[in-house]
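# Residue-level structural notes
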Amino acid sequence: MTTSDPAASGASAPDDAEREPSAPGHAAPAPDGSPGDGASVPGAGDTGRKTRPERRRRPLRRLALLAVCAVVAGFLPFVWQVASTSGDRHTAEGVPERPVALVLGAGVRPDGLPSLLLARRLDTAAELYFAGKVEAVLVSGDNSVDHYNETDTMSDYLVAAGVPENRIAGDYAGFSTWDSCVRAREVFGVEEATVVTQDFHLPRAVRLCRDAGIDAVGVADSSLEERRFATVYGWVREVPAAVAALGTAVFRPDPTFLGGYETAVDDALAADAE
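This write-up is about the structure you can find in this document.

What counts and what doesn't
- Numbers given to residues run from 1 along each chain, matching the order in which its sequence is written.
- Local features in this predicted model are restricted to residues whose pLDDT is 70 or higher, and side-chain atom pairs enter the listing and the counts only when it is 80 or higher, whereas totals over whole chains, interfaces and linings include all residues.
- By convention in this description, side-chain values take in all heavy atoms of the structure and omit both hydrogens and water.
- For this analysis, a nonpolar core means a set of buried residues of the types Ala, Val, Leu, Ile, Met, Phe, Trp, Tyr and Cys, connected via side-chain atoms within 4.5 Å.
- Burial classes: relative accessible area under 20% of the type maximum marks a residue as buried, over 50% as exposed, and values in between as partly exposed (1.4 Å probe, protein chains only).
- Runs of H or I in DSSP of at least four residues are treated as helices and runs of E of at least two as strands, each being numbered from the N terminus.
- Two residues qualify as a contact provided that any one of their heavy atoms is within 4.5 Å of a heavy atom in the partner residue.
- Here, a salt bridge means any side-chain nitrogen of Lys or Arg that lies within 4 Å of a carboxyl oxygen of Asp or Glu.
- Only residues whose relative accessible area exceeds 30% and that form no salt bridge are eligible for patches; like-charged ones are grouped when within 9 Å, while nonpolar side chains (Val, Leu, Ile, Met, Phe, Trp, Tyr) are grouped when within 5 Å.
- The method behind every accessible area is Shrake-Rupley, applied with a 1.4 Å probe, and residues are considered shielded solely by the protein chains displayed.

On to the nonpolar core, then. By size, the foremost hydrophobic cluster in this structure holds 22 residues, and its most contacted members are Leu138, Val190, Cys209, Ile214 and Val265. The element that contributes the greatest number of residues to this core is helix α5 (residues 177-186), accounting for four residues. Discounting residues that sit within four places of it in the chain, Leu138 has contacts with Val100, Ala101, Leu102, Val103, Ala169, Gly170, Asp171, Ala184, Phe188, Val190 and Val265. The next biggest cluster of nonpolar side chains, apart from the first, holds 20 residues, and it includes Ala92, Ala101, Tyr129 and Met154.

Our next topic: the pattern of salt bridges. Following the criterion strictly, the structure yields ten salt bridges and no others. The partner of Asp215 in a salt bridge is Arg98, with the nearest N and O atoms 3.4 Å apart. Residue Asp215 is found in strand β6 (residues 215-221), and its partner Arg98 is found in the loop between β1 (89-90) and β2 (100-104); the two are separated by 117 residues along the sequence. Classification of Asp215 as partly exposed rests on a relative accessible area of 29%. Arg183 is the partner of Asp171 in a salt bridge, and the nearest nitrogen-oxygen pair spans 2.8 Å. One end of the pair, Asp171, is in strand β4 (residues 168-171); the other, Arg183, is in helix α5, and twelve residues separate them in sequence.

With that settled, consider a nonpolar patch on the surface. Taken together, the side chains of Trp80, Leu246, Val250 and Phe251 present a nonpolar region at the surface, about 430 Å² in accessible area. Element by element, the count of residues in the nonpolar patch is highest for helix α7 (residues 228-251), at three residues. In this fold, Leu246 is placed in helix α7.

For Asp272, the location among the structural elements is in the segment after α8 (264-270). Sequence separation between Asp272 and Pro164 is 108 residues, and the spatial gap between their C-alpha atoms is 9.3 Å. Aside from chain neighbours lying at most four places away, what touches Asp272 is Asn166 and Arg167.

Structure, rendered in structure tokens:
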């Protein structure tokens, strides 16, 4: 018995429809090479699920990065201020001699006495005077209203502490740190001075006085033990204040009130000690 040949007998080979089905999920490609209608691209579903949350997180990451950059930029003027005055800030014992101590105002109590922080500044200035580190004291405060007079309050306190009255000069228009520094230089002719204030304020005070043209060094009172909250708040406040101080150093605005030359410091330096 002979085996019949399909080709010879006219029978055709099985077409694609009669072939063995493909494995599930792997449909035969279309003639143009693209996946067939039933084809599934591996990982396509996973990609869709991962991409949408990822897109939502991108704006949050950008905002976080901008926030970090803003914080760093905000701290840079403060860091520059502290670093640039590090060699000019001293203890009362180690500060080099200067003709004048410039004491910056810091508030007066309702009873007319200096606030604790201001009293400590004045005690430091008196210490400098009695140690021969300075020859005269310039007290610079706010006297913008009749019932508030930082300058006279500071002068009276120093006199009560034993500093001769004729060795004290008063600036009644020290409305800000910059105003006090500029007026000390332009109105009172101070070229060299020891700035006296709290430690959190001292870097900015020395920096601004130097920017105003004074060869300034500084001595600080450390008030942390006596006024913990006020001192911590003062350090925090110095961060934005340093940004403003940088702008002041660049643009050098006129003080609130300048006025003509006054001889109070000259007279104090020339006076005989009482």
